[in-house]
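# A closer look at the structure
Listed here are the chains, written in short residue letters.
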Amino acid sequence: MSSPARSKQPSGPTPPPDEHAEAWQLVDKAQSGDIEAFGLLYDRYVDQVFRYVLFRVGDRSLAEDVTSETFLRALRRITTVSYQGRDVGAWFVTIARNLVLDHVKSSRYRLEVTTAELDDNRQVTAGPEQAVLDEATSHELLRCVSELNDDQRECIVLRFLHGLSVAETAQQMGRNEGAIKALQHRAVRRLAQLLPAELR
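Reading guide: rules and limits
- Residues numbered from 1 in each chain as written.
- Predicted model: local features only at pLDDT ≥ 70, side-chain atom pairs only at ≥ 80, totals over all residues.
- Heavy atoms only, no water.
- Core = buried A, V, L, I, M, F, W, Y, C linked by side-chain atoms within 4.5 Å.
- Buried < 20%, exposed > 50% of the residue type's maximum accessible area, 1.4 Å probe, protein only.
- Helix = DSSP H or I, 4+ residues; strand = E, 2+ residues; numbered from the N terminus.
- Salt bridge = Lys/Arg side-chain N within 4 Å of Asp/Glu carboxyl O.
- Contact = heavy atoms within 4.5 Å.

### Considerations on the nonpolar core
Counting 50 residues, the largest nonpolar core has Phe38, Leu41, Val53, Val88, Trp91 and Phe92 as its most contacted members. Secondary structure elements with two or more residues in this core: helix 1 (18–31), helix 2 (35–57), helix 3 (60–77), helix 4 (89–106), helix 6 (128–146), helix 7 (150–161), helix 8 (166–173) and helix 9 (177–194). Element by element, the count of residues in this core is highest for helix 2, at 12 residues.

### Some remarks on the pattern of salt bridges
What the rule picks out here adds up to 7 salt bridges. Across the pair Asp151 and Arg175 runs a salt bridge, and its minimum N-O distance is 2.6 Å. Taken as a pair, Asp151 in helix 7 and Arg175 in the loop between helix 8 and helix 9 lie far apart in primary sequence, 24 residues in all. Within this structure, Arg56, Arg97 and Glu154 form a network of salt bridges that share partners.

### Details of the side chain of Thr169
With respect to the helices, strands and loops of the structure, Thr169 is situated in helix 8. Residues in contact with Thr169, not counting those within four places in the same chain, are Leu158, Arg159, Leu164 and Ile180.

Given below as structure tokens:
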């Protein structure tokens, strides 16, 4: 009995939903050797990967290097990826996460974040005094995030910096949703303890 063709009769996970379908079509083309399709995937996900890496390593130059290496690895491994119930962006972030972990293991590591590079979505404030207060608050919050343990920090980054749902965070971290909710709860409580009283 012959095995069904991957593209004709998929087994295992169901086909991607509409919001993921376009990206997975690009993956299909890239797997067939279409470099332009991979370029479109790069354009689509490079900012997401870069912001993730920058938050983890706290150094723009290193983040750029890790982001580049992420997409080089992805290109080399593009034929190995298949739909597993989530957006292909999660695959790129997983590669980036592994590279960051390699960096953590191979060097003395300290999370240092430049708030101005990360807080791109902050709303316009009423005046310069408020801007200074917001800057100080954001800086202090990010400093406190850096003091969380690795799992708590990862959860906070994925949930609140990248805006992933509990389900998406669970997939990304290889946990179930209940574990992520508990981890998030502990992380937020720990942040509340770390933040200075005037910022709580």
